[in-house]
Amino acid sequence: MTTKTRTAITIESTVQAPVAKVWDYWNQPGHITQWAFASDDWHAPKSENDLRTGGKFSTTMAAKDGSFSFEFGGEYTDVKEHKLIEYTMGDGRKVSVLFTTIDDATKVVETFEAEDENPVEMQREGWQTILNNFKKYTESH
């Protein structure tokens, strides 16, 4: 059996907020629903999160006009509070999110395995847009 090597994509942003706030806004369902989408015509109407190694999470991402929706979810493989979250998505791809304190800010670096349907650059842009939404939401609340 051959194991396919996937392309790893890394995105990052520095959020002007302390790591405890960034961690909470990243992980609490009430906050996730406010930022987990890539454009203004989408939203995240539902989110569930059991943040622990072996815990599962799921966020519904949907077009506001009701034309399309999907579940983004997976299972945590490693959680180190205020430092690291690793998980495997439902399709088997792996993701790592590092949180690093830099003075009064927090650098968030997210690395994920690309899927096969869409171009790598399109995936990078989509995930970066969601991370930018997270930054904007966290800094303004």
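That block above? That's the structure.
Since this is a predicted model, take the numbers as computed values, not measurements.

A.B. asks: Tell me about the overall build of the protein chain, residues and numbers included.
C.D. replies: The helix and strand inventory of the protein chain stands at 3 helices and 7 strands. Counted from the first residue to the last, the protein chain has its helices and strands arranged as β-α-α-β-β-β-β-β-β-α. Compactness check: the protein chain gives a C-alpha radius of gyration of 15 Å against a globular reference of 14 Å for 141 residues, within 12% of the reference. Overall size of the protein chain, expressed as C-alpha extent along the three principal axes, is 45 × 40 × 30 Å. Within the protein chain, the proportion of its 141 residues that are buried is 38%. For the protein chain, the share of sequence-separated contacts (at least 6 apart) that also reach a separation of at least 24 residues comes to 48%. Looking at charge distribution, the protein chain has the averaged site of its 15 positive side-chain charges lying 2 Å from that of its 23 negative ones.

A.B. asks: How would you explain unusual backbone geometry if you had to name every residue and give the values?
C.D. replies: Within the chain, histidine 82 stands out as a residue other than glycine whose phi angle is a positive 65°. Mapped onto the elements of the fold, histidine 82 is located in the loop between strand E4 (69–80) and strand E5 (84–89). Note on histidine 82: relative accessible area 27%, which makes it partly exposed.

A.B. asks: Account for the packing of aromatic side chains, with residues named and values stated.
C.D. replies: By the definition in use, this model includes 16 aromatic pairs. Ring geometry for phenylalanine 112 and tryptophan 127: centres 3.7 Å apart, planes at 10°, overall stacked. Here tryptophan 127 lies in helix H3 (residues 120–140) and phenylalanine 112 lies in strand E7 (residues 105–113), a separation of 15 residues in the sequence. Accessibility expressed as a relative area gives 1% for phenylalanine 112, which makes it buried.

Cut-off values and rules
Residues numbered from 1 in each chain as written. Predicted model: local features only at pLDDT ≥ 70, side-chain atom pairs only at ≥ 80, totals over all residues. Heavy atoms only, no water. Helix = DSSP H or I, 4+ residues; strand = E, 2+ residues; numbered from the N terminus. Rg over C-alpha atoms; globule rule 2.2 N^0.38 Å. Buried < 20%, exposed > 50% of the residue type's maximum accessible area, 1.4 Å probe, protein only. Contact = heavy atoms within 4.5 Å. Lys, Arg positive; Asp, Glu negative; His and termini not counted. Charge placed at Lys NZ, Arg CZ, Asp CG, Glu CD. Phe/Tyr/Trp six-rings, centres within 6.5 Å; stacked < 30°, edge-to-face > 60°.

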